Structure formats: structure tokens, C-alpha cells
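These are the residues of each chain, in order.
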Amino acid sequence: MTRQASLSEIFASFEEYMKTESDKREEIRNQVKILEQTARQLITSLQGIHQADGIKHTSDICKTVRGSLETVKSQYKDLGVKIPDGQYYRFHDHWRLVTQRLVFVTALVVYLESERLVTREETAEMLGIHVDKAEGFHIDLDDFLMGLLLVASELSRMCINAVTAGDYTRPLRIGQFVGELDSGFRLLNLKNDALRKRFDALKYDLKKIEEVIYDITIRGLVPGDRQAASPISGSGDSPRAVGATETSLED
């Protein structure tokens, strides 16, 4: 009888642990859902750059998004207090994707404002979290890199829309930036499968941008003083000749 009572106590403790674990994860999931909703709103706001006159209003769009990031800071703070000390990676999968999207938001805003790459420290400041894991809730490096890679796809789309809006120099600047981003990632030994796959997508994004630059260059739409800066300037082969996918502006 004593042995049976002992077994019951053991399994009762298991049940209590599982219930506590489930309650904690549900609490975290609910907070992450709030963060995800805000992230969707921010990304929707940034889609305004692809509207007919959106490129002319990038400054206003970025200002609006930066203002909304104050809400993100508060929501990350609420999430951080729910994570037990030293157990960040135990629950990391719950907020991994939304953090990657928010890194993308900060990286795109900084690019639109100053046409440069955001730093991990800047992103942490904009989101109200840390870089160093010893300081608490922080940006995992893989999440930061994934967010940067997401920017390339958005810029390849912006490249086409810029031409439609009559901005023929922007694709050159985008091409230079994405080319440098590609070069930077080639220096990394990516062991994360998801990062490697996303980096493969970056290569195709760059090819799409090169297609746009090629099209506007052969049509004489690039100002003479900027043709030397074109990625395909001075090359005997067009992007098509080296296997780029067809994304001609005539299509």
C-alpha cells in the first residue's frame, strides 16, 4: 500500500509539472499573438511603398512605422517578464518567426531612410530588447540574419515598382545594396538549414534586380553619369545570358 501511494505521488508530481508547463506555454503564446498582430500591421504599413505614389512618401511611411515600434517595445517587455530566468531557448520557437519579421521591419525602415544596412544593436534598440543574452530577452543572431535576408525580396519588388514610378536610378542603388548584402552572407559559414535556404532565395532576388537594371540600361533610361555604376555596365553578357530568370519589364 505504501509502495502504491509512493507511485501515485510520483505521477501526481508529473501531472502538476505538465500542467504548469502547459499553462506557461499558453501564457507565452497569448502574448506572442498580440506581438504578431502588431507585426502584421507594421508590415501592412510598409506595403505602402509599393503603391502608385508610395515611393514619394517613404519618409512619412517610415515615420509612422517608427512610431508604432513603441508599441512593440511594450509588448516585448510584457513577453520578457513571462520567460523564466535562463529559459529563453526553451520557449524560443514561440517568438522566433515574429522576431524575424520585426527585424525585417527595422531593416527595411533603416534602408528606406538612409539606404544602409541596419546593425544588430540598432534593431535591438528599436524593438526594446537586448543583443547580449546575458542581459535577458535578446535577438538571437540567426533570427537577425533571417530578417536581413527577408529585406532582399522586398527590395526586388520595390525595384520594379520604382521603374513603374519613373525612378530609374533607384534600381541601381538597390542593386548595389543587395549585391553587398549577398557578398556579406557569402563570408558566413551558414550551418542553419533555414538560413541556407533563405540565402539561396537571396541569389534569385539579386538576379531579378539585375534583370531590371539590364532592361532600363539597354533602353537608355539610366542617366549617363550613373551608367558606370550599373552592375551590368561594361559586361559583355546580359543577366539573361548567365541564366537569370525572365522578369523583363515588357512582360
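This section reports on the structure supplied with the text. (Residues numbered from 1 in each chain as written. Predicted model: local features only at pLDDT ≥ 70, side-chain atom pairs only at ≥ 80, totals over all residues. Heavy atoms only, no water.)

### Overview of the overall build of the protein
Right, on to step 1. Helices and strands together make up the secondary structure of the protein, namely eight helices and zero strands.
Right, on to step 2. Along the chain direction, N to C, the helices and strands of the protein fall in the order α-α-α-α-α-α-α-α.
Right, on to step 3. Counting every position in the protein, which comprises 251 residues, the buried fraction comes to 42%.
Right, on to step 4. Excluding contacts between residues fewer than 6 apart, the proportion of contacts in the protein whose partners are at least 24 apart in sequence is 72%.
Right, on to step 5. Counting only carbon and sulfur atoms, one obtains 50% of the accessible surface of the protein, whose full area is about 13600 Å². (Helix = DSSP H or I, 4+ residues; strand = E, 2+ residues; numbered from the N terminus. Buried < 20%, exposed > 50% of the residue type's maximum accessible area, 1.4 Å probe, protein only. Contact = heavy atoms within 4.5 Å. Areas by Shrake-Rupley, 256 points an atom, 1.4 Å probe, with all protein chains shown as cover.)

### Focus on a nonpolar patch on the surface
Right, on to step 1. On the surface, Leu7, Ile10, Phe11, Phe14, Tyr17 and Met18 cluster together into a nonpolar patch covering about 640 Å² of accessible area.
Right, on to step 2. When you line up the elements, Leu7 lands in helix H1 (residues 2-46).
Right, on to step 3. Given the relative accessible area of 38%, Leu7 is considered partly exposed. (Patch = residues over 30% accessible without salt bridge, like charges linked within 9 Å, V, L, I, M, F, W, Y side chains within 5 Å. Salt bridge = Lys/Arg side-chain N within 4 Å of Asp/Glu carboxyl O.)

### A word on the side chain of Glu154
Right, on to step 1. Along the chain, the position of Glu154 falls in helix H5 (residues 141-164).
Right, on to step 2. Of the side chains with opposite charge, Arg157 lies nearest to the buried Glu154, which makes no salt bridge, at 4.1 Å.
Right, on to step 3. Contacts of Glu154, omitting those with residues within four sequence positions, involve Gln47, His50, Phe104 and Leu108. (Lys, Arg positive; Asp, Glu negative; His and termini not counted.)

### Here we look at the pattern of salt bridges
Here the idea is simple: oppositely charged side chains can pair when their charged atoms come close.
Right, on to step 1. Applying the stated criterion across every chain yields a total of 17 salt bridges.
Right, on to step 2. Residue Arg170 pairs with Asp167 through a salt bridge whose shortest N-O separation is 3.0 Å.
Right, on to step 3. Among the residues examined, Arg170 registers a relative accessible area of 11% and is labelled buried.
Right, on to step 4. Asp167 sits in the buried class, given a relative accessible area of 19%.
Right, on to step 5. Measuring nitrogen to oxygen at the nearest pair gives 3.6 Å for the salt bridge that ties Arg219 to Asp215.
Right, on to step 6. Accessibility expressed as a relative area gives 35% for Arg219, which makes it partly exposed.

### Topic: helix H2 (residues 58-80)
Right, on to step 1. The end-to-end C-alpha separation of H2 is 32 Å, in line with the 33 Å expected for 23 residues at 1.5 Å each.
Right, on to step 2. Regarding H2, the residues found buried are Thr58, Ile61, Cys62, Val65, Leu69, Val72, Gln75, Tyr76 and Leu79. (Expected span 1.5 Å × (residues − 1).)

### What about the packing of H2 against helix H4 (residues 120-127)?
Right, on to step 1. Where H2 meets H4, the axes come as close as 7 Å, and the angle between the chain directions of the two elements is 80°. Here H2 lies roughly perpendicular to H4, going by the angle between them. In contact with Arg66, Leu69, Val72, Lys73 and Tyr76 of H2, H4 contributes Glu125, Met126 and Leu127.
Right, on to step 2. Taken together, the residues of the contact of H2 with H4 sort by class into five nonpolar, no polar and three charged. (Axes fitted to C-alpha atoms, helices over the stretch in contact; angles between N-to-C directions. Parallel < 35°, antiparallel > 145°, perpendicular 65-115°, else oblique. Nonpolar A, V, L, I, M, F, W, Y, C, P; charged D, E, K, R; others polar.)

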